[in-house]
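Working through the structure, step by step
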Amino acid sequence: MNEKIPYKTYLEESELPKQWYNVRADMKNKPAPLLNPATLKPMTAEELSAVFCDELVKQELDDTTPYFDIPDEIREFYKMYRPSPLVRAYCLEKALDTPAHIYYKFEGNNTSGSHKLNSAIAQAYYAKKQGLKGVTTETGAGQWGTALSMACAYLGLDCRVYMVKCSYEQKPFRREVMRTYGASVTPSPSDTTNVGRKILAEHPGTTGSLGCAISEAVEAAVSTEGYRYVLGSVLSQVLLHQTVIGLESKTAFDKIGVKPDVIIGCAGGGSNLGGLVSPFVGEMLRGENNYRIIAVEPASCPSLTRGKYAYDFCDTGMVCPLAKMYTLGSGFIPSPNHAGGLRYHGMSSILSQLYDDKLIEAVSVEQTAVFAAAEKFARVEGILPAPESSHAIKVAIDEALKCKETGEAKNIFFGLTGTGYFDMYAYQAFNDGKMSDYIPTDEDLAVGFAGLPKVDL
Ligand SMILES: *Cc1c(COP(=O)(O)O)cnc(C)c1O
């Protein structure tokens, strides 16, 4: 054990990043622009501003400015739970008997329980600054809705959340946390929007999907005066805000004089992984350094590893702009995997482009193996991880075990995005031996691909 490296590397408040880093500025192949689904022309700022706050539209469309100042008000909020610690997983290393050095960045140190608060406060802040009354959004597993309700409560903004119906029913406590922070929560699909009513008529008894809840939240925003829509992942603006994770990590690693060799993160819509790796990818793009970066996704929703790189709808109701991304098709409904935050059909267009350019790798893992890794981690490191985060744990453990075979003392670094206290039914299924591993067949995936829009550019 290297005595010089502490279990936890904390940064000073003054070391909290003052700017977010926009990795697109250093990308030679820029992510493809969002397209207007009617004209197939790139979305203009004006078109986007009907849906999103003005300042966020600017961030979304900017692929040349490398740094954006983090407003003081947002930095003040960050100080309630940031900087987050970089942890050396000495106990896990010992349990695995590996020569590898394992590190993780823990983002579960706030009531919402995940990294999502980093972008929620930014998006709520810009909405408030624009003088809006409130925001609408969707939530799947509930982490994003919780984070946004906290941010809106802090700023005095109204918050309307469309929650995927199966989660609304399965996770009543999540729902009550949101209501405690003052948000209104509607199960989706609902009869409060045109698109919700249409989906209910076509698929009676549906338990909903993220894509469907997005459609409802967008419709609610554009049809209500003084409201805009906000999204918890996928968009480039969200990834930008999440770079606070990677920037802090980089500062902490520099402090202890360590360079990670392998960087691992779970990938749902891609925001935590994108934020975690952006500063490191920036170094790769500028030819300054090299890292191995691995995106981990569930085998039940394998957008990078089995999806197509194509323009697709971001939502089921097809009201959102088209994004070019690795996608399973907006009509793809993943099997009920317990990692609700990883069930989106597509992937951030920034990460998609980086993956297409082979700057990052991707692997998919099955959920029983993920929960086995989660339990191993909880028992030695103490933290009860979110199922989403546990995808990264699983692959970090695999990499550490490979080092055991080769005798290499690699520095393995992963993002621990959150805690799993609201996922105890999932843990229960695992503990009872009732968890299954559903992997879609090629025929299952073909259904989603058949619904991809025909876009010839
Ligand atoms: C939402 C969520 C994720 C996945 O979202 P990304 O945008 O891919 O980061 C991962 N972990 C946790 C704990 C989450 O809540």
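Everything numeric in this text was worked out from a predicted model, so none of it was measured.

Here Tyr168 shows up in helix α7 (residues 165–170). Along the backbone, Tyr168 and Ala141 are 27 residues apart, and their C-alpha atoms lie at a distance of 8.5 Å. Aside from chain neighbours lying at most four places away, what touches Tyr168 is Met163, Arg175, Val185, Thr186 and Pro187.

Once that is clear, we can look at the domain arrangement of the chain. Considered domain by domain, the chain is made up of domain 1 (8–16 + 71–113 + 236–450) and domain 2 (20–68 + 116–229). Distance between the C-alpha centres of domain 1 and domain 2: 21 Å. Each partner contributes residues to the interface: domain 1 has 55 residues there, and domain 2 has 54 residues. Surface buried jointly by domain 1 and domain 2 totals about 4700 Å² across both partners, of which 65% is contributed by carbon and sulfur atoms. The partner of Arg286 in a salt bridge is Asp26, and the shortest N-O contact between them spans 2.9 Å. The tally of links from domain 1 across to domain 2 stands at 21 residue pairs in polar contact (both at pLDDT 80 or more).

This part takes up the site of the ligand. Taken together, the neighbourhood of the ligand is formed by 19 residues, with Lys116, Ser233, Gly268, Asn272 and Thr417 sitting nearest. Side-chain polar atom of His115 to an oxygen atom of the ligand: 3.2 Å apart, as the coordinates give it. Separating an oxygen atom of the ligand from a side-chain N or O atom of Asn272 is a distance of 2.7 Å. Burial of the ligand by the surrounding chains reaches 98%, relative to a free accessible area of 380 Å². Put simply, the parts of the chain that give the shell around the ligand at least two residues each are α12 (271–285) and α16 (387–406). Here the residues of the shell around the ligand are counted per class, giving 4 nonpolar, 13 polar and 2 charged.

Next up on the list: the side chain of Ser188. Tracing the chain through its elements places Ser188 in strand β8 (residues 184–188). Only 2.7 Å separates the side chain of Ser188 from the side chain of Glu216, close enough to count as a polar contact.

Across the sheet, 7 strands lie side by side as β1-β4-β5-β15-β10-β11-β14; this open sheet has mixed pairing. With one partner strand each, in any of the chains shown, β1 (8–9) and β14 (361–365) form the two edges of the open sheet. When strand β11 (residues 292–298) meets β14, the two strands line up parallel, connected through 5 bridges. Bridging across to β14, Glu297 finds its partner in Ser364. The strands touched by α16 within the sheet are β5 (101–106), β10 (262–266), β11, β14 and β15 (411–416), with β15 carrying the most contacts at an inclination of about 170°.

Here we take up the pattern of salt bridges. According to the stated counting rule, one finds 22 salt bridges in the structure shown. With its nearest N and O atoms 2.9 Å apart, the salt bridge here joins Glu15 to Lys255. Placement of the pair is Glu15 in the loop between β1 and β2 (19–21) and Lys255 in helix α11 (residues 236–256), with a sequence separation of 240 residues. Put simply, Lys250 and Glu283 hold a salt bridge, and the shortest N to O gap is 3.3 Å. Note that Lys250 is positioned in helix α11 and Glu283 in helix α12, a separation of 33 residues in sequence. For the pair formed by Lys250 and Glu283, the shared burial category is buried. Here the residues in one salt-bridge network are Arg82, Lys105, Glu107 and Glu248, joined through shared partners.

In space, the 4 strands of this open sheet follow the order β8-β7-β6-β9, with parallel pairing throughout. Each edge of the sheet is formed by a strand with only one pairing partner; in this case those strands are β8 and β9 (227–229). Averaged over all pairs of adjacent strands, the angle between strand axes in this sheet comes to 25°, irrespective of strand direction. As paired elements, strand β6 (residues 134–139) and strand β7 (residues 158–164) share 6 bridges and run parallel to each other.

Next up on the list: the pairing of β7. Of all 7 residues in β7, 5 are buried; the element is thus mostly enclosed. Tracing the backbone out of β6, into helix α6 (residues 143–155) and back to the parallel element β7 gives a crossover that is right-handed. When β7 meets β8, the two strands line up parallel, connected through 5 bridges. What sits directly across from Met163, in β8, is Pro187.

Parameters and conventions
- Residues numbered from 1 in each chain as written.
- Predicted model: local features only at pLDDT ≥ 70, side-chain atom pairs only at ≥ 80, totals over all residues.
- Heavy atoms only, no water.
- Helix = DSSP H or I, 4+ residues; strand = E, 2+ residues; numbered from the N terminus.
- Contact = heavy atoms within 4.5 Å.
- Domains from an automatic or database assignment.
- Buried area = accessible area lost by both parts, 1.4 Å probe.
- Salt bridge = Lys/Arg side-chain N within 4 Å of Asp/Glu carboxyl O.
- Polar contact = N/O pair within 3.5 Å; in protein donor to acceptor, adjacent residues only side chain to side chain.
- Near = heavy atom within 4 Å.
- Areas by Shrake-Rupley, 256 points an atom, 1.4 Å probe, with all protein chains shown as cover.
- Nonpolar A, V, L, I, M, F, W, Y, C, P; charged D, E, K, R; others polar.
- Pairing = 2+ DSSP bridges.
- Axes fitted to C-alpha atoms, helices over the stretch in contact; angles between N-to-C directions.
- Buried < 20%, exposed > 50% of the residue type's maximum accessible area, 1.4 Å probe, protein only.
- Right-handed = clockwise from strand over helix to strand, strands pointing away.

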